[in-house]
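# Structural description and commentary
Here's the letter readout for the chains.
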Amino acid sequence: MSYQQQADHAKQQPEQFWLEQAQQLAWYSPPEQALSQDEHGNYRWFKGGSMNTAYLALDYHCENGRAEQTALIYDSPVAEQKQQFTYAQLRDEVSSTAGMLAAQGVTKGDRVVLYMPMIPQAAIAMLACARLGAIHSVVFGGFAAQELAVRIDDAQPKVILTASCGLEGAKVINYMPMVSLALEQSQQMTTPVLVWQRPQQAVEFNQQYLDWQALQQQAEPADCVPVDATDPLYILYTSGTTGKPKGVVRDNGGHAVAMNYSMQAVYNVKPGDVFWAASDVGWVVGHSYIVYAPLIYGCTTILYEGKPVRTPDAGAFWRVASEHKVKVLFAAPTAFRAIKKRDPDGALVKDYDLSQLQDIFMAGERLDPPTLEWTINKTDKPVTDHWWQTETGWAIAGNPLGLERMPVKAGSATKALPGYQVTILDEMGDECGPMAQGFIAIKLPLPPGCLPTVWGDQARFESAYLKQFPGYYVSGDGGYIDEDDYLFVMGRIDDVINVAGHRLSTGEMEEVVGAHPAVAECAVIGSHDDLKGQVPFGLVVLKDGVQQSEQEVSKELVQKVRNEIGPLACFKQAIIVQRLPKTRSGKILRRTLRQLADGEEYAIPSTIDDPASLGEIEELMRQGRTMI
Ligand code: COA
Ligand code: AMP
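In this text, all values refer to a predicted model and were calculated from it rather than measured experimentally. (Residues numbered from 1 in each chain as written. Chains lettered and ligands numbered in written order. Predicted model: local features only at pLDDT ≥ 70, side-chain atom pairs only at ≥ 80, totals over all residues. Heavy atoms only, no water.)

### Description of the UniProt feature "domain: AMP-binding enzyme C-terminal" (unreviewed entry) in the protein
In the numbering used here, UniProt assigns the "domain: AMP-binding enzyme C-terminal" (unreviewed entry) feature to residues 508-587. Between the first and last C-alpha atoms of residues 508-587 the distance is 17 Å; the span itself is 28% helix and 30% strand. (UniProt positions renumbered as here; feature names shortened; annotations may be inferred. Helix = DSSP H or I, 4+ residues; strand = E, 2+ residues; numbered from the N terminus.)

Printed below as a string of structure tokens:
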């Protein structure tokens, strides 16, 4: 079927379309109905279907001829280690890890928080939770203790799984102080912590901090526990506009169906192929395309613990792709910009045999046309942009290579994928015509795999996504659709910024900066960065009578954001100003500030309260008065 035929089928007969997709999976008892609504009116997929995601990802393949196929390749230039697991070996590791969790009292519906580096145990632990019907919540290792604490507090886990350290290039990040501080801050002082001891960092075990390796060895393997399709598989927290991250809920059934469908329709791979998402298990890309989709579909997945550059050089991606015969490579544009910066002529590409590499996919931020062109030119491979979010779990728009390869338009993620009815709305909620910019919205119901609600906060689900335009999910991105139905995503229209493909909230940074005793008020905006896409930039008004120097305050602010949000926030620039530019009703003129920070032309808004405030900031920026 062509793209258009599938898109029409999914739109006109969603029940039939998605039940057909569901039939590709091995249910314990298949769903009779595709779509239903729960007591809140939320759409739910495949209610009544009984299944287990870890069974689909592992046991099913072991029973159907893939037991000896490599399921997972761990490649770590930073730990100088490589390891491979067949499907049978991975299933055994997962079932003994599940047994270890069961021995700690973890059962169906319990939450387990994972704070893990990119080691195989991260994926194994996720699948072990799925095996028991427990709900995992992975927290990215670059987040500081406070962020971990907020997530622990919200998810209320029965057990926390972690490792003794992460490896960031040459740095060894000791996780123990962060975990214990997070437990203290979240008042979960007695939650057991199972620690995977890595050779780079020793841990002192005690009654609370337990030896994962030893416990797993003693554990009885645990079998798969049947769950309903609508039972949650995981919670993944993502930045919103406030300081409190939203717990995106992913269900089991819709997710498995969407993962399986996307591997074929979007990525155009076959079971047995090697698929590499060069992301981190702490992000949605890692959940979907390092762990679940490749395994559910019977591929070999790669878990890479390293960077695109410096581990050891800008040829790292090409080395991994060539050594493991990768068919599809998926990474964020920022990774390719980092490679391009270090190896502008692509000299290192030529050192490796990339003949097995069929396609490169990019997502996580806007794919700027120069990066698209550079990657195509240097690798001689097709590059496909696709747009998606933590909330959806898989691409909303893309070039569905498994259905047909549509012409690429630089700057566009191509077309809405089958199942998604993407539309552009104006401020009043009316649909815009071609080329008109507005809010990118998706007509309800969202297809399988997308979030059914926010963990423990139905009201937030409604207020964040559904209230603004009844009948639609609001993505938070702005953009337009051209005459050929190509979607152009132009960026966030809320307080979310994208730093090196990591989604962060400027509102949250403002809360941290604003809590410094010397700060009267502040604004944090995202300003353009050639490598990372955007980086945060702070404008700070000090309280009268502050004795500290401006440099001292700036330094403390940078450290404060690092300590409370994490180094990944890259908050390294702030200026002290006399006042913030605001409208007469008191709203900070963020758009104008962004334009100023990026050196763009700007018009002084007619609603501005004090035009001199803008002049002062412009002058400071002209003088290069950025505090570091
Ligand atoms: N644990 C602990 N610290 C981490 C971390 C982790 N998992 N990940 C990042 N950090 C730290 C880094 O060490 C760095 O700290 P520093 O300020 O002390 O140097 C800081 O957070 C910023 O990290 P990063 O954004 O990775 O910057 P970088 O300069 O080290 O690398 C890139 C730049 C472009 C190579 C890197 O950002 C990258 O690989 N980006 C791709 C991101 C990606 O795949 N996103 C997934 C979305 S699909
Ligand atoms: P996350 O939830 O971390 O995956 O971030 C989702 C956000 O990243 C989206 O709302 C977009 O702002 C941005 N994004 C992801 N993929 C793309 C893309 N292909 N083009 C433009 N923006 C993207």
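### With respect to the nonpolar core
The biggest cluster of nonpolar side chains holds 124 residues, and the ones touching the most others in it are F46, L161, Y267, Y289, Y292 and W394. Of the residues forming this core, the biggest block, 10 residues, is contributed by helix α5 (residues 120-132). A145, I160, Y237 and W283 belong to the second largest nonpolar core, which has 51 residues in total. (Core = buried A, V, L, I, M, F, W, Y, C linked by side-chain atoms within 4.5 Å. Buried < 20%, exposed > 50% of the residue type's maximum accessible area, 1.4 Å probe, protein only.)

### Focus: the layout of surface pockets
Reported here for the second largest pocket is a volume of approximately 460 Å³. Along the wall of the second largest pocket there are 22 residues; nearest its centre are K11, A416, Y420, Q421 and V422. Sorting the residues of the lining of the second largest pocket by element identifies α1 (3-12), α2 (14-22) and β22 (415-416) as the ones contributing at least two each. Counting residues per element, the lining of the second largest pocket draws most heavily on α1, at 6 residues. A class-by-class count of the residues in the lining of the second largest pocket yields 15 nonpolar, 3 polar and 4 charged. (1 Å grid on protein atoms, 1.4 Å probe; cavity = no way out; pocket = protein on both sides within 12 Å on 5 of 7 lines; lining within 4 Å. Points joined across faces, edges and corners; volume = space filled by probe spheres on them. Nonpolar A, V, L, I, M, F, W, Y, C, P; charged D, E, K, R; others polar.)

### Observations concerning the site of ligand 1
Around ligand 1, the surrounding shell holds 22 residues, and the nearest of these are E168, K307, R310, K532 and R562. R562 is positioned with one of its side-chain polar atoms (N or O) 2.7 Å from an oxygen atom of ligand 1. In this structure, an oxygen atom belonging to ligand 1 sits 3.2 Å away from a side-chain N or O atom of K572. Protein contact buries 85% of the 940 Å² of open area that ligand 1 shows by itself. Of the domains in this structure, domain 1 (3-409 + 421-479) and domain 2 (500-622) are the two that each give at least three residues to the shell around ligand 1. (Near = heavy atom within 4 Å. Polar contact = N/O pair within 3.5 Å; in protein donor to acceptor, adjacent residues only side chain to side chain. Areas by Shrake-Rupley, 256 points an atom, 1.4 Å probe, with all protein chains shown as cover. Domains from an automatic or database assignment.)

### Looking at the packing of aromatic side chains
Tallying each qualifying case throughout the model produces 34 aromatic pairs. An angle of 85° between the planes, with centres 5.6 Å apart, marks the rings of Y289 and W388 as edge-to-face. Note that Y289 is positioned in helix α10 (residues 284-296) and W388 in the loop between β20 (383-385) and β21 (397-398), a separation of 99 residues in sequence. The exposure class assigned to Y289 is buried, which follows from its relative accessible area of 0%. What makes W388 buried here is its relative accessible area of 10%. Summarising the aromatic geometry, the rings of Y465 and Y473 are spaced 5.2 Å apart at their centres and angled 15° between planes, so their arrangement reads as stacked. Each member of the pair, Y465 as well as Y473, is classed as buried. Through a chain of ring-to-ring contacts, three or more aromatic side chains come together here, namely F17, W18, W27, W45, F46, Y261, W394 and Y420. Across from the ring centre of F143, 4.5 Å away, lies the NZ or CZ of R151, which sits over that ring. In this structure, K409 packs its charged tip against the face of Y486, placed 4.6 Å from the ring centre. (Phe/Tyr/Trp six-rings, centres within 6.5 Å; stacked < 30°, edge-to-face > 60°. Lys NZ or Arg CZ within 6 Å of the ring centre and 35° of its normal.)

### With respect to the sheet that holds strand β24 (residues 438-443)
The sheet built from 4 strands is open, its strands ordered β23-β24-β25-β26 with antiparallel pairing. Across the chains shown, the open sheet's two edge strands, defined by having one partner strand only, are β23 (422-425) and β26 (487-492). Each adjacent strand pair in this sheet contributes to an overall mean axis angle of 50°, direction not counted. When strand β25 (residues 472-481) meets β26, the two strands line up antiparallel, connected through 5 bridges. (Pairing = 2+ DSSP bridges. Axes fitted to C-alpha atoms, helices over the stretch in contact; angles between N-to-C directions.)

### Structural notes on the sheet that holds strand β4 (residues 70-76)
The strands that make up a sheet pair up through hydrogen bonds in the backbone, lying either parallel or antiparallel. Taken together, 7 strands build an open sheet; the order of strands is β5-β4-β17-β16-β18-β19-β20 and the sheet is mixed. Taken across any chain shown, the strands that pair with only one partner, and hence form the sheet edges, are β5 (81-86) and β20. In this sheet, neighbouring strand axes are inclined to one another by 20° on average, regardless of whether the strands run parallel or antiparallel. Packing against the sheet, helix α4 (residues 87-103) makes contact with β4 and β5, and its axis sits at approximately 95° to β5. Docked against the sheet, α10 engages β4, β16 (274-277), β17 (300-304) and β18 (328-331), running at close to 150° with respect to β17. (Contact = heavy atoms within 4.5 Å.)

### Brief notes about the site of ligand 2
As a matter of local geometry, ligand 2 sits amid 15 residues, with H386, T390, D477, R492 and R503 nearest to it. Contact between ligand 2 and E365: a nitrogen atom at 3.4 Å from a main-chain N or O atom of the residue. Between an oxygen atom of ligand 2 and a side-chain N or O atom of T390, the distance comes to 2.5 Å. For ligand 2, the accessible surface in isolation is 490 Å², of which the surrounding protein chains cover 94%. Grouping the amino acids of the shell around ligand 2 by side-chain chemistry returns 4 nonpolar, 5 polar and 6 charged.

### Description of the domain arrangement of the protein
Assigned domains within the protein: domain 1 (3-409 + 421-479) and domain 2 (500-622). On a C-alpha basis, the centres of domain 1 and domain 2 stand 32 Å from each other. Every contact between the two is made by 22 residues of domain 1 and, on the other side, 20 residues of domain 2. For the pair domain 1 and domain 2, the interface holds 1 salt bridge. The interface formed by domain 1 and domain 2 contains 7 residue pairs in polar contact (both at pLDDT 80 or more). Secondary-structure elements contributing two or more residues to the side of domain 1 that touches domain 2 are α6 (145-155) and α12 (333-342). Taken together, the residues of the side of domain 1 that touches domain 2 sort by class into 6 nonpolar, 12 polar and 4 charged. (Salt bridge = Lys/Arg side-chain N within 4 Å of Asp/Glu carboxyl O.)

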